[in-house]
Amino acid sequence: MTGILAIETATEACSVALFRDGHYMQRHAVAPRRHSHIVFAMLQELLPSGDLRRHGINAIAYGCGPGSFTGLRIAASAVQGLAYASGLPALAVSTLAGQAQTALRSGLVDGGATVLSVLDARIDEIYSAVYTFEEGLATLRSGPAVCAPGQLELPADCASLCAVGSGYQLLAELPPGVRTRVTTAAAQVLPEARDLIPLALAQWRRGEQQSPQQVQPVYVRNDVRWKKLAEQGKRS
Amino acid sequence: MLILGIETSCDETGLALYDTARGLLAHALFSQVDVHVEYGGVVPELASRDHVRKALPLLDEVLARAGCRGADIDGIAYTAGPGLVGALMVGATLARALAWGWGVPVLGVHHMEGHLLAPMLEDEHPEFPFVALLVSGGHTQLVRVDGIGRYRLLGESLDDAAGEAFDKTAKMLGLPYPGGPQIARLAQRGEPGRFHFPRPMVNRPGLDFSFSGLKTHALNTVEGCRGAGELSERDACDIACAFENAVVATLVVKCRRALRQEGLDTLIIAGGVSANTKLRAELQRALVKDRARVFYPAPQFCTDNGAMIAYAGAQRLLAGQADDGDSQVRPRWPMETLPPLPARAPRGRLPGDRRV
C-alpha cells in the first residue's frame, strides 16, 4: 500500500496530510504569513522526524501552484528537503486541481460538474483552470492561466461551469458571455493537502515522479513586473 | 561534527560543509549577478526564485567535493536574517526540512555574525578581542567582539551603507551593478587631485558613518562634468577615484579611532566592500603605524557565502544551541541581541585542516 505525505501552502490556508494504510490524517489551518512556521509544527504532529521511508512513506506530494509566490516556495523548499533527506520521489499536483478536488469532497460540486477553479492572483487578476472529474479525479480541460477576469476565455464546449475558490469574488468582472455560463459558485473553498493525495496516487501509478531537484513551484505568472534598466525612468 | 551551511539572504546561493575537526571541506556558490544586472539592483522575487532552483544542485556539489553523504551531516546552519524575507525563507525552509529528514539539529544564524567570523576560516586568524568593520551593500558597522555572541556596536551608518553608495555612484557613472568592483577598476586610472570629495563625519567625534552626502556630491560632480554633453571616460575615472578615496579615507579614520577608543590592536574587516584592494592597502599602511594588525577573510568569503554560515553555526551547534519550534526568519535582527557563547566554548578547529 502506497504511503503519501502531502503539503499545500499556496493560499492563506496551510495543510499537511498523511495517507497511510488506506487512512487519511490531516492538519489544516488558515494562517496567513505563518506557513513557514506552522508547516513544520503540523508535520511534527503527524510524524516523528527522521527518515520518512521508515514511517511507510513512499512519495511526497505538494501543491505546486499557482498561488502566493512565497507560499509556493515554502512547499517546494520543504518538499525538496524532505525528499532529498529521505531519498524519496516527489509528486507535483496543481493547486487549482487540488482545490477542485476539495470542492468535490466537500460536496460543493458534484462529480458530473465542470469546475472553474480560480484563485485571487492579486493586482486585479485571477489564476484559473477548468476541470472535469474522471473517476472522481479532477482532470484538466484548460489552463492554468493568469489574466484579468475580463480577459478570461473558456473552452467553447463548456456550457455551464461551477466556479470554486477565492478568485470568485473577481468574477463579477467576467466577460458577459462567460458570466452567464457560470451557474453555481463556492468562493469559500481553499485547497487542502489531503485532496492532493488522490491526484498524487494517480500520478504515482502513471510514473509521473520528480527527483528532489525537479521540485519547483509552477508560478504561472512569470512576468514579475520589475523594470529593467532600459525601462527605468520612463513612464509606464 | 559535520555542519552544512546554507546562505540565501540576498542574491547569492551559498552552501558549504564545515567539519569541526577537519575545517572547511567544501563550498559552492551561485551568484545571481547576471540575473539582476539588467535591473540595476537585486529584484527580490527573482532572487527567491533562483534560490529554489540552485540550492539542491549546490548541495549535491558540496557533498561530492567533500566525499560525504547527506546522512553524514550532524547539523545544519542557515541564514535566518537579516536579509530579504522571501529569500531567507527559502534557505530556512530547506534547512529545516533536511534537518527533519536526517533527524539532526538545525540553527538559524545571523548573517553578519557569519561575516564577522569569516576570517576565522583562515589558517592565520585573529584572537578575541578585536574590532570588526562590517562593510557591505547592506551594512557599515564597527563592532567590538569579545567572543562569539559578545558584540557591542560601536558605530554604524546613519543612512546608506558604504557598498550601497558604491552601487549608486556606479549607476550615475553608467556602470553596471554591482558597482564596487566597477568603481575600483575605473579609479585605478583616475587622477587623484582633480576632484575632492568630502570625508563625511570624520571631524565629528564618535564612530558613526554617513554616506548619503557623498553620493549627492558624486551626483553634483557628475552633472557638473556632463554639462550639455556626455560624461567623458576621463571624468568618470577621476570621479570614481575621488569617490573611492573619500570612502576609504573615512573608513580608515573610523577604524583607527575605534581601535584607540577600545584599547585594542586587532581589526578584522568583512563584507563585500572588504574585498576592495585600496581599502586593504590603506588600512594596512595606517595600522602598521599604530602597531595594530588587520585580518581579512579570503576573497571568496568576503561576499556572501555558505562557509561563514557553516562556521558560525558550527560554533553555536557545538555549544548545544539549536532552533526550537518557534524559530522564524528575521529580516531585521540586531546583532547585539544574539546569545553569547561561554568563553571556553570549543572552537572546533585543528591545525592542518583540509582547505578548499
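Residues numbered from 1 in each chain as written. Chains lettered and ligands numbered in written order. Predicted model: local features only at pLDDT ≥ 70, side-chain atom pairs only at ≥ 80, totals over all residues. Heavy atoms only, no water.

## Some details on the overall build of chain A
A tally of helices and strands in chain A yields five helices and 10 strands. A compact globule built from 236 residues should have a C-alpha radius of gyration of about 18 Å, and chain A, at 18 Å, falls within 12% of that. With the C-alpha coordinates of chain A rotated into their principal frame, the extents come out at 55 × 50 × 30 Å. Within chain A, the proportion of its 236 residues that are buried is 58%. Within chain A, contacts between residues separated by at least 24 positions form 65% of all contacts whose residues are at least 6 apart in sequence. Surface summary for chain A: the accessible area is close to 10100 Å², and the carbon and sulfur share equals 49%. For chain A, the centre of its 21 positive side-chain charges and the centre of its 19 negative side-chain charges are spaced 6 Å apart. (Helix = DSSP H or I, 4+ residues; strand = E, 2+ residues; numbered from the N terminus. Rg over C-alpha atoms; globule rule 2.2 N^0.38 Å. Buried < 20%, exposed > 50% of the residue type's maximum accessible area, 1.4 Å probe, protein only. Contact = heavy atoms within 4.5 Å. Areas by Shrake-Rupley, 256 points an atom, 1.4 Å probe, with all protein chains shown as cover. Lys, Arg positive; Asp, Glu negative; His and termini not counted. Charge placed at Lys NZ, Arg CZ, Asp CG, Glu CD.)

## A short note on the overall build of chain B
What chain B contains, in helices and strands, is 10 helices and 10 strands. The C-alpha atoms of chain B give a radius of gyration of 20 Å, which matches the 21 Å a tight globule of 356 residues would have. Seen through its principal axes, chain B has C-alpha atoms that stretch 65 × 45 × 35 Å. For chain B, the residues scored as buried account for 61% of the 356 residues in total. For chain B, the proportion of contacts with a sequence separation of at least 24, taken over those separated by at least 6, is 73%. Per element, the accessible surface of chain B, about 13500 Å² overall, is 51% carbon and sulfur. The centroid of the 38 positive side-chain charges in chain B is displaced by 5 Å from the centroid of its 41 negative side-chain charges.

## A few points about helix H8 (residues 233-262) of chain B
Residue and element names in this part refer to chain B. The terminal C-alpha atoms of H8, which comprises 30 residues, lie 43 Å apart, in line with the 44 Å expected from a rise of 1.5 Å per residue. Within H8, 23 of the 30 residues are buried, which leaves it mostly tucked inside the rest of the structure. The first or second residue beyond H8 is Gly 263, which carries a positive phi of 65°. (Expected span 1.5 Å × (residues − 1).)

## Considerations on the packing of helix H1 (residues 35-46) of chain A against helix H3 (residues 85-102) of chain B
Helix-helix packing is described using two parameters, namely the angle between the two axes and the distance between the axes. Contact geometry of H1(A) with H3(B) gives a least axis separation of 10 Å together with a crossing angle of 10°. By the angle between their directions, the pair H1(A) and H3(B) is classed as roughly parallel. For the pair H1(A) and H3(B), contact is made by Ser36(A), Phe40(A), Leu43(A) and Gln44(A) and by Met89(B), Thr93(B), Arg96(B), Ala97(B) and Trp100(B), respectively. (Axes fitted to C-alpha atoms, helices over the stretch in contact; angles between N-to-C directions. Parallel < 35°, antiparallel > 145°, perpendicular 65-115°, else oblique.)

## Focus: the sheet that holds strand E2 (residues 13-20) of chain A
Strand pairing in a sheet relies on backbone hydrogen bonds, with the paired strands running either antiparallel or parallel. All names here are of chain A. As summarised here, the arrangement of the five strands in space is E3-E2-E1-E4-E5, forming an open sheet in which the pairing is mixed. Looking at which strands have only one partner, the edges of the open sheet turn out to be strand E3 (23-30) and strand E5 (90-94). Each strand of the sheet is rotated relative to its neighbour by a mean of 15°, with strand direction disregarded. With four bridges joining them, strand E1 (residues 4-8) and strand E4 (residues 59-65) adopt parallel strand pairing. Within E4, the residue paired with Ile 4 across the bridge is Ala 59. Contacting E1, E4 and E5, helix H3 (residues 95-105) crosses the sheet at an angle of about 70° to E5. Packed on one face of the sheet, helix H5 (residues 196-206) meets E1, E2, E3, E4 and E5 and runs near 125° to E5. (Pairing = 2+ DSSP bridges.)

## Observations regarding the packing of helix H2 (residues 44-66) of chain B against H3(B)
Residues and elements named next belong to chain B. H3 packs onto H2 with a crossing angle of 35° between their chain directions and a minimal axis gap of 9 Å. Crossing angle aside, the handedness with which H2 passes H3 is right-handed. On the side of H2, the interface is formed by Ser 48, His 51, Val 52, Ala 55, Leu 56 and Leu 59, while H3 contributes Gly 86, Ala 87, Val 90, Leu 94, Leu 98 and Trp 102. Residues that form the contact of H2 with H3 fall into these classes: nine nonpolar, three polar and no charged. (Left-handed = near helix turned anticlockwise from the far one by under 90°. Nonpolar A, V, L, I, M, F, W, Y, C, P; charged D, E, K, R; others polar.)

## Description of the packing of aromatic side chains
The tally for this structure, following the rule as stated, stands at seven aromatic pairs over all chains. Note on Tyr84(A) and Trp102(B): the rings are 6.3 Å apart at their centroids and 85° apart in plane angle, and the pair reads as edge-to-face. Taken together, the positions of Tyr84(A) in helix H2 (residues 69-86) and Trp102(B) in helix H3 put the pair across two chains. Seen from the ring of Tyr219(A), Arg49(B) lies directly overhead, with NZ or CZ sitting 3.6 Å from the centre. Lying over the aromatic face of Tyr296(B), Arg280(B) brings its terminal NZ or CZ to 4.1 Å of the ring centre. (Phe/Tyr/Trp six-rings, centres within 6.5 Å; stacked < 30°, edge-to-face > 60°. Lys NZ or Arg CZ within 6 Å of the ring centre and 35° of its normal.)

## Re the environment of Leu283(B)
Residue and element names in this part refer to chain B. Topologically, Leu 283 is positioned in helix H9 (residues 277-289). Taking C-alpha positions, Leu 283 is 19 Å from Phe 197, a pair spaced 86 residues apart along the chain. Setting aside anything within four residues of it in sequence, one finds Leu 283 in contact with Val 252, Cys 255, Leu 267, Ile 269 and Tyr 296.

## A look at the confidence of the model for chain B
The pLDDT averaged across chain B works out to 92; a share of 96% of its residues lies at or above 70. A low-confidence stretch, residues 349-356 of chain B stays under pLDDT 50, and its non-local contacts, those more than four residues away or across chains, total 26 contacts. (pLDDT = per-residue confidence, 0-100.)

## Description of unusual backbone geometry
Trans is the common state for peptide bonds, and a negative phi is the common state for residues other than glycine. The amide bond that connects Gly65(A) to the next residue, Pro66(A), takes the cis arrangement and shows omega of 0°. Its place among the elements puts Pro66(A) in the loop between E4 and H2. Of note, the bond from Tyr177(B) into Pro178(B) is cis; its omega dihedral lies within 30 degrees of zero at -5°. A positive phi is found at Met201(B), a non-glycine position, where the angle reads about 70°. Here Met201(B) is to be found in the loop between helix H6 (179-187) and helix H7 (212-226). Judged by relative accessible area, which is 15%, Met201(B) ranks as buried.

## Remarks on the pattern of salt bridges
Residue and element names in this part refer to chain B. Applying the stated criterion to the full structure yields 28 salt bridges over all chains. Put simply, Asp 238 and Arg 194 hold a salt bridge, and the shortest N to O gap is 2.7 Å. Of this pair, Asp 238 sits in helix H8 while Arg 194 is found in the loop between H6 and H7, placing the two residues 44 residues apart along the sequence. Sharing partners across several salt bridges, the network here consists of Glu 191, Arg 194, Arg 234, Asp 235 and Asp 238. (Salt bridge = Lys/Arg side-chain N within 4 Å of Asp/Glu carboxyl O.)

## Quick notes on the interface of chain B and chain A
Of the residues lining the interface, 32 residues belong to chain B; the matching set on chain A comes to 37 residues. Here chain B and chain A share an interface that buries about 3100 Å² over both sides, 64% of which is from carbon and sulfur atoms. Where chain B packs against chain A, one counts one salt bridge. Only H2 and H3 of chain B provide two or more residues apiece to the side of chain B that touches chain A. Tallying contributions element by element places H2(B) first for the side of chain B that touches chain A, with 11 residues. Considered class by class, the residues forming the side of chain B that touches chain A number 16 nonpolar, eight polar and eight charged. (Buried area = accessible area lost by both parts, 1.4 Å probe.)

## Brief notes about the nonpolar core
Core analysis: the biggest nonpolar cluster contains 103 residues, and Leu5(A), Leu4(B), Leu59(B), Ile76(B), Leu98(B) and Trp102(B) have the highest contact counts within it. Per-element accounting of this core gives the leading share, 11 residues, to H3(B). Among the nonpolar cores identified, the runner-up in size contains 50 residues, and Ala162(B), Ala165(B), Cys241(B) and Leu259(B) belong to it. (Core = buried A, V, L, I, M, F, W, Y, C linked by side-chain atoms within 4.5 Å.)

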